[in-house]
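Structural description and commentary
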Amino acid sequence: MTMKQRKCEPGRVIRRWLCFVIAVLLWSVASAQIRYSISEEVNEGTAVGNVAKDLGLDKSTLKDRKYRIVSSATDPLFHVHQNDGILYVSRKIDREEVCERSSTCLLNLKTVLENPLEVHYIGVEILDVNDHSPSFPDEEKTLEMSESVLSGTRFQLQAARDPDSGHFSVQQYKLSTNDHFRLEVKDKGEDGKIPILIVQKSLDRESAGSHSLVLTALDGGKPPKSGEMNILVNVLDINDNAPVFAQDVYSVMIDENAPVGTTVIQVNATDLDDGANGEVVYSFSNSVNKRLFKLFEITPSTGEIIVKGPIDYEHKDKYEIEIQASDKGLAPLTAEKSVVIKIVDLNDNAPQIEVTSFSSSISEDSRPGTTVALISVNDLDSGLNGKVSCFLLEDVPFMLSPSLQDKMYSLVTKMPLDKEKQSHYALTIIAKDSGQPALSSENTINVVVSDVNDNSPEFSLSPYTFYVTEANEPGTSVFSVKAFDRDENDNALVSYHILRDSSADNKLTSYFNINSETGDILALKSFDFETLKTFQFQVVATDSGTPSLSSNVTVNVFILDQNDNAPVILYPVSSNGSAEGVEEIPRNVNAGHLVTKVRAYDADIGYNGWLLFSLQEVTDHSLFGLDRYTGQIRTLRSFTETDEAEHKLVILVKDNGNVSLSATATVVVKVVEPKEAFAASDVKSATKNEEENNVTFYLMITLGSVSTLFLISIIVLIAMQCSKTTDYTSKYLQETNYDGTLCHSIQYRSGDKRYMLVGPRMSIGSTIVPGSHANTLVLPDRRGASGEVRHV
């Protein structure tokens, strides 16, 4: 009332009256406050109190007057039912959430009624229940304490927290049962109770390196709730223990001459301390004689005593060494122990081998039993340890023969030697005593086998087969032979010459000359395939030994054809020898009529002798045609009245060499009326018969000559076939249509070309090209897949 009157103190009269009216209205509004209490966590819809009854409100008017709680919260905790005026809980209430860290949790609610306006304040106290357990910030805590920590030392621990308040908060702490620690609790008022860990008994890391404790916090509920924290106390070491050796007495036996690095014995000491305080290092005591440092050493980290120098039983048979073990503490603690090392005597003197007389070289023709060296052996030991046996290590053509004198041996040959099989021997002589264990020594002497001339030169091939292209340049190297001699020096120096005699077969050797040092063979003349196709001769290889040895080899030479012969026209031939002729045909002949046939011959073979015909010049291309393989001239159509009566045809005959050669023939065709043709036919046929007889005569002479040359070649080849090795026969190609008779056909290859020598009878599957006048053999090429005919 007073506050509202203070707001109406302006000086104007009107405002004073307004303030007075408002004050009266507010006075009429009943102003009262009631208070309820309810426990937290009650269910939704729980009735808090009958507000309408406690305020004296008429229940029937609550709804019309819009009785409600005025709150800014979107999710209020309470609501008033307008039908009965009872205050209900809208949702579960968590006191720790609503009133965090507050001893009293009082919520003030503002209720309003309209018509007339009334405001009532309601206080609701939220009562705490024990719904939370105490909890520590960390579930586990690690503490480190030195084992020298004093009793009564205090260590403050982290306090537990309980969201509940009052009596339900943390009330006490408990520590798990142990012998070394106790717990003290310090009450800090509003900050709660703080646990303090106190050492009540001294720690010993060697007895227990760590201690596990459990700290429990309890609240004041009934029954109380609790929380736990595990405490691990690690005890830190101090150097309070000296090393202790594992044995009271160390004694060991070791063989003399034990290798450097041999482990004699390993001492072991332990220290109960931890870290550097428990790390043990080993060393020789200061009282150890300095000479022992040359014989033995000790590994500081492992305590292994190792042989450092030569141990000799004859020098000393027993050693006693003081070993010191120390830890690595700031003030190291030490312990000492004696180690007795006894030396075991061994057969430690190996036999000695001495070569008193030695010949480092021996001739390969030496007889078995020839002395190479004298050997003496000696052993400083006595008895069985000094009894020596001597032998050679490997299976060699030598042996040791005992001498009449004790411990003397002779090294002699036991079988013939062959320098070409083995020219040097490294002979290992073993001398072995009879000790236990036996000792041995070895000595290697090198024996060189000197050469004698006992091997003839050997040719790399036998026989040789070479192919020489005709029209070669005289004086140039055409091929070479090579022979090797397995001997050495002058015995292996080979010279070459051609075997020449007066026999008819060796007359051709005058065509060649040979380089006596290199074996290169030079042709002294140019060869002609049409004259000479194949021949053979002998080459002799001789070494320079005394006496000299020699061997010979057969050289087979095949001449390869070159395109060096131009085609020769056999028909037509005029009376003056030129390739010209006149043919008369009736005008009424039909298309395809044979006018004449041009015949030609080429002395070459294969592609070089394969002839093709073509029209080089013709007056009317539509009237005559020429078969390119047979040379036949035929009419292409019937003659007409407008066709000329005389036609000139120039035929080009060309071979198939890389650089082809050719010849031309001229045929004059006269077209006559049928009656004239019949009249002239008799004269012409007589002339033709005479010409054909002449041509036939020439062909017979040519074929006879060629057949004779082929027959001679085949006879030579058959003789070679009978005398040659299987390697030589493999040089020839196999004829797929070979009919079983050698004299029929033999093929050979040079580079990418294949050649055939044909005798009087041709092999099966061959055909004669008519245009070549029966001198060119056509062989089907079975290497191709296209079906072409290859002319050989």
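Residues numbered from 1 in each chain as written. Predicted model: local features only at pLDDT ≥ 70, side-chain atom pairs only at ≥ 80, totals over all residues. Heavy atoms only, no water.

1. Re the packing of aromatic side chains
Where two aromatic rings form a pair, the distance of their centres and the angle of their planes describe that pair. Applying the stated criterion across every chain, the model contains 18 aromatic pairs. Grouping aromatic residues by their ring pairs yields a cluster made of Phe459, Tyr464, Phe466, Phe479, Tyr511, Phe512, Phe527, Phe535 and Phe537. One cation-aromatic arrangement involves Lys525 over Tyr511; the distance from NZ or CZ to the ring centre is 4.4 Å. When the ring centre of Phe529 is taken as reference, the NZ or CZ atom of Lys533 above it lies at 4.6 Å. (Phe/Tyr/Trp six-rings, centres within 6.5 Å; stacked < 30°, edge-to-face > 60°. Lys NZ or Arg CZ within 6 Å of the ring centre and 35° of its normal.)

2. Notes on the pattern of salt bridges
All told, the structure shown has 12 salt bridges when counted by the stated rule. Glu125 is paired through a salt bridge with Arg35; the nearest N and O atoms lie 3.4 Å apart. Placement of Glu125 in strand S7 (residues 118–127) and of Arg35 in strand S1 (residues 32–39) is noted, with a sequence separation of 90 residues between them. The class of Arg35 is exposed, set by a relative accessible area of 54%. Notably, a salt bridge pairs Glu673 with Arg587, separated by 3.6 Å at the nearest N-O pair. Placement of the pair is Glu673 in the loop between strand S49 (662–672) and helix H5 (674–723) and Arg587 in the loop between strand S42 (580–586) and strand S43 (594–597), with a sequence separation of 86 residues. Among the residues examined, Arg587 registers a relative accessible area of 15% and is labelled buried. (Salt bridge = Lys/Arg side-chain N within 4 Å of Asp/Glu carboxyl O. Helix = DSSP H or I, 4+ residues; strand = E, 2+ residues; numbered from the N terminus. Buried < 20%, exposed > 50% of the residue type's maximum accessible area, 1.4 Å probe, protein only.)

3. Quick look at the pairing of strand S31 (residues 440–450)
For strand S25 (residues 361–363) and S31, the ladder comprises three bridges, and the chain directions are parallel. Opposite Ile362, over in S31, you have Val449 as the bridge partner. Pairing between strand S30 (residues 424–433) and S31: nine bridges, direction antiparallel. Counterpart to His424 in the pairing with S31 is Val448. As consecutive antiparallel partners, S30 and S31 are separated by six residues. (Pairing = 2+ DSSP bridges.)

4. What to know about the side chain of Asp271
Here Asp271 lies in the loop between strand S18 (269–270) and strand S19 (280–284). Side-chain polar atoms of Asp271 contact the backbone nitrogen of Asp273, separated by 2.9 Å. Asp271 has contacts with Asn241, Ala242, Pro243, Asn277, Gly278, Val280 and Asp327, leaving out every residue within four places of it along the chain. (Polar contact = N/O pair within 3.5 Å; in protein donor to acceptor, adjacent residues only side chain to side chain. Contact = heavy atoms within 4.5 Å.)

5. Structural notes on the sheet that holds strand S22 (residues 318–327)
Taken in spatial order, the four strands line up as S16-S23-S22-S19 in an open sheet, and their pairing is mixed. The sheet terminates laterally at strand S16 (250–255) and S19, the two strands that pair on one side only. Averaged over all pairs of adjacent strands, the angle between strand axes in this sheet comes to 30°, irrespective of strand direction. Alignment of S16 against strand S23 (residues 334–344), held across six bridges, turns out to be parallel. Bridge pairing in S23 links Tyr250 to Val339. (Axes fitted to C-alpha atoms, helices over the stretch in contact; angles between N-to-C directions.)

6. Quick notes on the environment of Glu470
Along the chain, Glu470 falls in the loop between strand S33 (464–469) and strand S34 (477–480). Residues Glu470 and Ser526 lie 56 residues apart in sequence; the distance between their C-alpha atoms is 6.8 Å. Setting aside residues no more than four positions away along its own chain, Glu470 makes contact with Phe527, Asp528, Phe529, Glu530, Ile559, Leu560, Asp561, Gln562, Asp564 and Asp604. Within the structure, Glu470 has its side chain in polar contact with the backbone nitrogen of Gln562 (distance 2.5 Å).

7. Here we look at the sheet that holds strand S37 (residues 512–514)
Strands pair in a sheet through their backbones, by hydrogen bonds, and they do so in one of two ways: parallel or antiparallel. On the basis of which strands lie adjacent, the open sheet formed by three strands has the order S34-S38-S37 and antiparallel pairing. Of all strands in the sheet, those bounded by a partner on one side alone are S34 and S37. Within this sheet the neighbouring strands show an average axis-to-axis angle of 30°, counted without direction. Pairing of S37 with strand S38 (residues 520–523), which is carried by three bridges, proceeds in the antiparallel orientation.

8. So, the pairing of strand S14 (residues 226–236)
Side chains Gly227, Met229, Ile231, Val233 and Val235 project from S14 onto a buried face, and the interleaved Ser226, Glu228, Asn230, Leu232, Asn234 and Leu236 project onto a face without burial. With seven bridges connecting them, strand S8 (residues 140–146) and S14 associate as parallel partners. Bridge assignment links Thr142 to a residue of S14, and that residue is Leu232. The turn joining strand S13 (residues 210–219) and S14, which pair antiparallel and follow one another in sequence, is formed by six residues.

9. Quick look at the side chain of Asp561
Within the fold, Asp561 resides in the loop between strand S40 (550–560) and strand S41 (568–571). Buried and without a salt bridge, Asp561 has Lys533 as its closest oppositely charged side chain, separated by 7.9 Å. Within polar-contact distance, the side chain of Asp561 engages the backbone nitrogen of Ile605 at 2.8 Å. A polar atom in the side chain of Asp561 sits 3.4 Å from the side chain of Asn608. (Lys, Arg positive; Asp, Glu negative; His and termini not counted.)

10. Some words on the nonpolar core
Val264, Phe296, Ile305 and Ile341 are the most contacted members of the largest nonpolar core, which totals 28 residues. Among the secondary structure elements, those contributing two or more residues to this core are S16, strand S17 (263–266), S19, strand S20 (296–298), strand S21 (304–307), S22 and S23. Apart from residues lying up to four places away in sequence, Phe296 is in contact with Val264, Phe284, Ile305, Ile306, Val307, Lys308, Ile311, Tyr319, Ile321 and Ile341. In this structure, Phe459, Phe479, Ile498 and Ala541 belong to the second largest nonpolar core, which totals 27 residues. (Core = buried A, V, L, I, M, F, W, Y, C linked by side-chain atoms within 4.5 Å.)

11. Some points on unusual backbone geometry
Across the junction of Ser462 and Pro463, the peptide omega takes the value -5°, indicating a cis bond. Structurally, Pro463 is set in the loop between strand S32 (458–459) and S33. Following Tyr571, the chain continues to Pro572 via a peptide bond in cis, the omega torsion being 5°. Note on placement: Pro572 falls in the loop between S41 and S42. Even without being glycine, Asn489 reaches a positive phi, approximately 55°. On the secondary structure map, Asn489 appears in the loop between strand S35 (483–484) and strand S36 (494–498).

12. Examining the confidence of the model for the chain
Where the model shows low pLDDT, its predicted coordinates should not be examined in detail. Residue-level pLDDT values for the chain average 79, and 83% of them are 70 or greater. Confidence drops under a pLDDT of 50 for residues 19–32, and excluding neighbours within four residues, the segment shows 15 contacts in the predicted structure. (pLDDT = per-residue confidence, 0-100.)

13. Brief notes about a nonpolar patch on the surface
Taken together, the side chains of Phe697, Tyr698 and Ile701 make up a nonpolar region of the molecular surface, amounting to roughly 340 Å² of accessible area. Inspection of the secondary structure puts Ile701 in helix H5. Using a relative accessible area of 43% as the deciding quantity, one classes Ile701 as partly exposed. (Patch = residues over 30% accessible without salt bridge, like charges linked within 9 Å, V, L, I, M, F, W, Y side chains within 5 Å. Areas by Shrake-Rupley, 256 points an atom, 1.4 Å probe, with all protein chains shown as cover.)

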